[in-house]
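Below, each chain spelled out in residue letters.
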Amino acid sequence: MTRLTGSALRVTIFIGENDVWHHRPLYTEIVHRARAAGLAGASVFRGIEGFGASSLIHTSRLLSLSEDLPVAIVLVDTEERVRAFLPQLDELVGEGLVILDDCEVVRYAGRDADSDKTGREGKKKL
């Protein structure tokens, strides 16, 4: 398990929900590559409304239902690991926005592999 505390770098990638890489959702490819690269974590968030460089608004509102909602993928790890991963993002992301932010990791804990406990002592998974 990757241990991560203190200074870190956060990458946020903004793409469209329908963006693909070899017939696979682009966000899935990014998450799987981040895991293979050993990054500490990745999450995908689906937006309800947004626009990008094309200035075309995509929304989930019923009257103007979009099939290409905005998606944000957030990756966090040490600066060295994140910067080593950036060439893969350059290969994958043709249209979109990739931003870097300095951040501080206060707590990073997973589940205990030997039990059903979460990273907090005394708290059991329901």
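Residues numbered from 1 in each chain as written. Predicted model: local features only at pLDDT ≥ 70, side-chain atom pairs only at ≥ 80, totals over all residues. Heavy atoms only, no water.

## Remarks on the overall build of the protein
Here is the rule we go by: Per the convention used, a helix needs a DSSP run of H or I reaching at least four residues, while a strand needs a run of E reaching at least two, with both numbered from the N terminus. Partly exposed describes any residue whose relative accessible area lies between the buried limit of under 20% and the exposed limit of over 50%, with all areas from a 1.4 Å probe on protein chains only and scaled to the type maximum. Every residue pair with non-hydrogen atoms within 4.5 Å of one another is taken to be in contact. Surface accessibility follows the Shrake-Rupley procedure with a 1.4 Å probe radius. Residue values consider only the protein chains on display as shielding.
In terms of helices and strands, the protein carries two helices and eight strands. In sequence order, the protein lays out its α and β elements as β-β-β-α-β-β-β-β-α-β. Counting all 126 residues of the protein, 26% fall into the buried class. Counting contacts in the protein only where the partners sit at least 6 residues apart, residues at least 24 apart contribute 71% of the total. When the accessible area of the protein is evaluated, it comes to approximately 8,900 Å², of which 52% is carbon and sulfur surface.

## Points about the nonpolar core
Let me state the cut-off plainly: Residues belong to a common nonpolar core when they are buried Ala, Val, Leu, Ile, Met, Phe, Trp, Tyr or Cys residues joined through side-chain atoms within 4.5 Å.
In this structure, I13, I15, I30, I73 and L75 are the most contacted members of the largest nonpolar core, which totals 17 residues. Secondary structure elements with two or more residues in this core: β1 (6–16), α1 (26–36), β7 (70–77) and α2 (79–92). Beyond its immediate sequence surroundings of up to four residues, I73 is in contact with V11, T12, I13, I15, Y27, I30, V31, S43 and V44.

## Let's talk about the pattern of salt bridges
Oppositely charged side chains can pair when the atoms bearing their charge come close. Note the threshold: By definition here, a salt bridge exists when the distance from a side-chain nitrogen of Lys or Arg to a carboxyl oxygen of Asp or Glu is within 4 Å.
With the rule as written, the count across this model stands at six salt bridges. Several salt bridges share partner residues, and in doing so they unite R24, E29, R33 and E91 into one network.

## Section: the layout of surface pockets
Put simply, the rule reads: Computed over the protein atoms alone on a 1 Å grid, cavities are sets of points where a 1.4 Å probe fits but cannot get out and pockets are open sets with protein on both sides within 12 Å along at least five of seven lines; a residue lines them when it has an atom within 4 Å of a point. Grid points are joined across faces, edges and corners, and a volume is the space filled by probe spheres set on the points. Under the scheme applied, nonpolar residues are Ala, Val, Leu, Ile, Met, Phe, Trp, Tyr, Cys and Pro; charged residues are Asp, Glu, Lys and Arg; polar residues are all the others, including Gly.
Quantified by volume, the largest pocket comes out at close to 430 Å³. Elements supplying a minimum of two residues to the lining of the largest pocket: β1 and β7. Among the elements that take part in the lining of the largest pocket, β1 stands out by supplying three residues, more than any other. Its residues assigned to classes, the lining of the largest pocket shows eight nonpolar, six polar and three charged.

## Notes on the sheet that holds strand β4 (residues 41–46)
So the rule is basically this: Here, strands pair whenever DSSP counts at least two bridges between them. Every angle, taken between N-to-C directions, lies between 0 and 180 degrees, and every axis is a line fitted to C-alpha atoms, over only the stretch in contact when it is a helix.
Spatial ordering of the open sheet is given by β4-β7-β1-β8, a layout of four strands whose pairing is antiparallel. Because the sheet does not close on itself, it has two edges, and the strands there are β4 and β8 (97–105). Averaged over all adjacent pairs, the angle separating strand axes in this sheet is 20 degrees, with direction ignored. Summarising the sheet, β1 and β8 pair through nine bridges and their orientation is antiparallel. Note on β8: the bridge partner recorded for V11 is L100.

## Notes on the confidence of the model for the protein
Let me state the cut-off plainly: The predictor reports its confidence for every residue as pLDDT, a score running from 0 up to 100.
The predicted model of the protein averages 85 in pLDDT, with 80% of residues at 70 or higher. Mean pLDDT across the elements of the protein ranges from a minimum in strand β6 (residues 58–59), with 72, to a maximum in α1, with 97.

## Digging into unusual backbone geometry
We note that H22 has phi near 55 degrees; this positive angle belongs to a residue other than glycine. Overall, H22 belongs to the exposed group, its relative accessible area being 64%.

## Thoughts on α1
Where we set the bar: An arc is given here, and it is the one of the directions from the helix axis to the C-beta atoms.
Taken residue by residue, α1 has L26, E29, I30, R33 and A34 as its buried positions. Here the buried residues of α1 occupy an arc of 130 degrees about the axis, which is enough to place them on one side. Away from its buried face by more than 90 degrees, α1 exposes R35 and A36. Considering only its buried residues, α1 is in contact with β1, β2 (20–21), β3 (24–25), β4, β7 and α2. In the stretch just after α1, G38 is the one whose phi turns positive, near 80 degrees.

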